[in-house]
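# Structural overview for review
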Amino acid sequence: MANQEILSKLNHVFNSRFGEPAFIARSPGRINLIGEHTDYNMGFVLPASIDKAIYIVIGERNDNRVHLVAADLGDSYETDLGSLHQSGKHWPDYVLGVVDQLQQAGHQLRGFNAALAGDVPLGAGLSSSAAVECATAFALDKLFNLGLDRKTMVQLSQKAENEFVGVKCGIMDQFASMFGRPEQLIRLDCRSLAYEYIPFPTKDIEILLLDTGVKHSLASSEYNLRRQECEEGVRIIAQQYPEVQSLRDATIAMVEQCLANGDSKVYRRCLYVVQEIKRLQDACMDLTANDLRSFGKKMFETHKGLSELYEVSCPEADALVSMAGKHDSVYGARMMGGGFGGCTINIVARGAADALVRELQPLYQQQFNRQLKAYKVRIDEGSSLVN
Ligand code: GLA
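Let me begin by describing the structure that accompanies this report. (Residues numbered from 1 in each chain as written. Predicted model: local features only at pLDDT ≥ 70, side-chain atom pairs only at ≥ 80, totals over all residues. Heavy atoms only, no water.)

We now examine the overall build of the chain. Helix and strand content of the chain: 11 helices and 13 strands. Radius of gyration (C-alpha) of the chain: 21 Å, near the 21 Å computed for a compact globule of 387 residues. Along the first, second and third principal axes, the C-alpha set of the chain runs to 60 × 55 × 40 Å. Taking as baseline every contact in the chain between residues at least 6 positions apart, the subset at least 24 positions apart corresponds to 71%. Carbon together with sulfur atoms contributes 47% to the accessible area of the chain, which is approximately 15900 Å² in total. Averaged over its 40 positive side-chain charges, the chain has a centre that lies 1 Å from the centre of its 48 negative ones. (Helix = DSSP H or I, 4+ residues; strand = E, 2+ residues; numbered from the N terminus. Rg over C-alpha atoms; globule rule 2.2 N^0.38 Å. Contact = heavy atoms within 4.5 Å. Areas by Shrake-Rupley, 256 points an atom, 1.4 Å probe, with all protein chains shown as cover. Lys, Arg positive; Asp, Glu negative; His and termini not counted. Charge placed at Lys NZ, Arg CZ, Asp CG, Glu CD.)

Before going further, it helps to examine the nonpolar core. Ile31, Leu46, Phe112 and Phe200 are the most contacted members of the largest nonpolar core, which totals 111 residues. Sorting elements by how many residues they give to this core places helix 8 (residues 264–288) first, with 12 residues. Listed in part, the 18 residues of the second largest apolar core include Leu208, Ala324, Ala353 and Leu360. (Core = buried A, V, L, I, M, F, W, Y, C linked by side-chain atoms within 4.5 Å. Buried < 20%, exposed > 50% of the residue type's maximum accessible area, 1.4 Å probe, protein only.)

With respect to spatial proximity, the complete set of residues near the ligand consists of Arg30, Glu36, His37, Asp39, Tyr40, Cys169, Gly170, Met172, Asp173, Tyr223, Gly337 and Gly338. Between the ligand and Glu36, the relevant distance is 2.6 Å, taken from an oxygen atom to a side-chain nitrogen or oxygen of the residue. Tyr223 is positioned with one of its side-chain polar atoms (N or O) 2.6 Å from an oxygen atom of the ligand. Summarising the interface, the protein chains cover 93% of the accessible area of the ligand, which totals 310 Å² for the free molecule. Here the shell around the ligand is composed, by residue class, of 4 nonpolar, 4 polar and 4 charged. (Near = heavy atom within 4 Å. Polar contact = N/O pair within 3.5 Å; in protein donor to acceptor, adjacent residues only side chain to side chain. Nonpolar A, V, L, I, M, F, W, Y, C, P; charged D, E, K, R; others polar.)

In spatial order, the strands read 10-11-9-12; together these 4 strands make up an open sheet with antiparallel pairing. Bordering the open sheet on either side are strand 10 (330–335) and strand 12 (373–377), each of which pairs with just one other strand. Across the sheet, the axes of successive neighbouring strands diverge by a mean angle of 20°, strand direction being ignored. Taken together, the 5 bridges between strand 10 and strand 11 (residues 341–349) define a ladder with antiparallel strand orientation. Each bridged residue has a counterpart across the sheet, and for Met335 the counterpart in strand 11 is Thr344. (Pairing = 2+ DSSP bridges. Axes fitted to C-alpha atoms, helices over the stretch in contact; angles between N-to-C directions.)

Taken N-terminus to C-terminus, the directions of helix 10 (residues 315–325) and helix 11 (residues 353–368) make an angle of 145°; their axes are 11 Å apart at the nearest point. Both helix 10 and helix 11 take part in a crossing whose hand is right-handed. On the side of helix 10, the interface is formed by Pro315, Glu316, Ala319, Leu320 and Met323, while helix 11 contributes Leu360, Leu363, Tyr364, Gln367 and Phe368. Residue composition of the contact of helix 10 with helix 11, grouped by class: 8 nonpolar, 1 polar and 1 charged. (Left-handed = near helix turned anticlockwise from the far one by under 90°.)

Before going further, it helps to spend a moment on the pattern of salt bridges. Two side chains of opposite charge can pair, provided their charged atoms sit close to one another. Counting across every chain of the model gives 28 salt bridges. With its nearest N and O atoms 3.6 Å apart, the salt bridge here joins Arg65 to Asp80. Taken together, the positions of Arg65 in strand 4 (residues 65–70) and Asp80 in strand 5 (residues 75–80) put the pair 15 residues apart, joining distant regions of the chain. The partner of Arg269 in a salt bridge is Glu229, and the shortest N-O contact between them spans 2.7 Å. One end of the pair, Arg269, is in helix 8; the other, Glu229, is in helix 6 (residues 219–240), and 40 residues separate them in sequence. With respect to burial, Arg269 and Glu229 carry one shared label: buried. Three or more residues joined by partner-sharing salt bridges are found here, namely Glu222, Arg226, Glu229, Arg268, Arg269 and Glu311. (Salt bridge = Lys/Arg side-chain N within 4 Å of Asp/Glu carboxyl O.)

Next up on the list: the packing of helix 6 against helix 7 (residues 252–259). Helix 7 packs onto helix 6 with a crossing angle of 90° between their chain directions and a minimal axis gap of 10 Å. Viewed along their axes, helix 6 and helix 7 adopt a mutual orientation that is roughly perpendicular. Contacts between helix 6 and helix 7 involve Gly233, Ile236, Ile237 and Gln240 from the former and Met254, Val255, Gln257, Cys258 and Leu259 from the latter. Tallied by class, residues from the contact of helix 6 with helix 7 come to 6 nonpolar, 3 polar and no charged. (Parallel < 35°, antiparallel > 145°, perpendicular 65-115°, else oblique.)

Further remarks concern the packing of aromatic side chains. Between two aromatic rings, the relevant description is the distance of the centres plus the angle of the planes. Going through the model one piece at a time under the given rule, you end up with 8 aromatic pairs. Aromatic side chains Tyr195 and Tyr197 sit 5.7 Å apart centroid to centroid with 90° between the ring planes, which places their arrangement in the edge-to-face category. Assessed through its relative accessible area of 34%, Tyr195 is described here as partly exposed. Judged by centre distance (5.1 Å) and plane angle (45°), the rings of Tyr272 and Tyr310 are tilted. Of this pair, Tyr272 sits in helix 8 while Tyr310 sits in the loop between helix 9 (292–309) and helix 10, and the two are 38 residues apart along the sequence. Accessibility assignment for this pair places Tyr272 and Tyr310 in one class, buried. Taken together, the aromatic side chains of Phe175, Phe179, Tyr195 and Tyr197 make up a single cluster linked through ring pairs. Of note, Lys142 hangs over the ring of Phe138, and the distance from its end group to the ring centre comes to 4.3 Å. (Phe/Tyr/Trp six-rings, centres within 6.5 Å; stacked < 30°, edge-to-face > 60°. Lys NZ or Arg CZ within 6 Å of the ring centre and 35° of its normal.)

This is the structure:
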């Protein structure tokens, strides 16, 4: 369901600046139930798109200019299709990166005007950046009749972030944003890109996100470093097991044998990833067996691994997960996404989320002197046009 308030704001902004738009597209943020930092290691992930999205209103121009407005930020940016480069102010780069990829792929674009806004909390680990990229790809595909399929748009959005923005992210966020379906999780094999939908009915549960409010400035450099540490582990394992091309191909026994006596960071990173790839597969069996308790237990285990072995958590997320874990109404909780702040995801018995938030808010305030924000989210459809 489109957010009408955002739509009317965007229409107004676009109209007063550029005149009649062609149409509006939207692409949502994402959650991930389990399978963290496994995507760039060619493992599996289990994300879903949520009922919070980035919207883009778009219209063609008669020249080669690109005029962008970020309605929420009250900011704008102009450039030329022939001379794309980083804007120096971040938000336009997610749009320009996609334009750049389309041009590199040989598509003939013309100039366009676009205004963006959304209700995906920014910097909260819900992939607002992937949502901007996917909304842009989706809108440009329609505007210029490029005939792209969703998978291609996902891949070029990821490449835009890798190459233009400079974050070496995996494919999960863009895939979830494009391919989401209501009440379904996506079990994605990040090596083959084969995927299946797994029903995740929320009749008896609520999906509660607790926002640490922490935005770590090191997040992207640490993220890229984790990637390198995993690659280093693969390089060492492959000396004895040449068939190992990514951590997806490695076993815990290989990690123990080849890495336990070397660099402790490389060892712990790789151990976590190999455990997590296996954990996700087991967790999917829990879902099939309708065993949410067992599924939730694995979410707590994932958190422990992310915190102690992969070292991408933060004291705020650790505290929230531990507080949530004391409640019987909470099936599972863990930090979500790249880490170093952002949200924890909590699977809570239906009806119990509000009381949990009321209880945790003062405790969090007391311990960290920060206000705890909470979002209840629903699993909704991926990228689409808005009527
Ligand atoms: C970020 C990245 C994803 C993925 C997660 C961790 O959200 O964009 O590709 O690696 O972190 O699972």
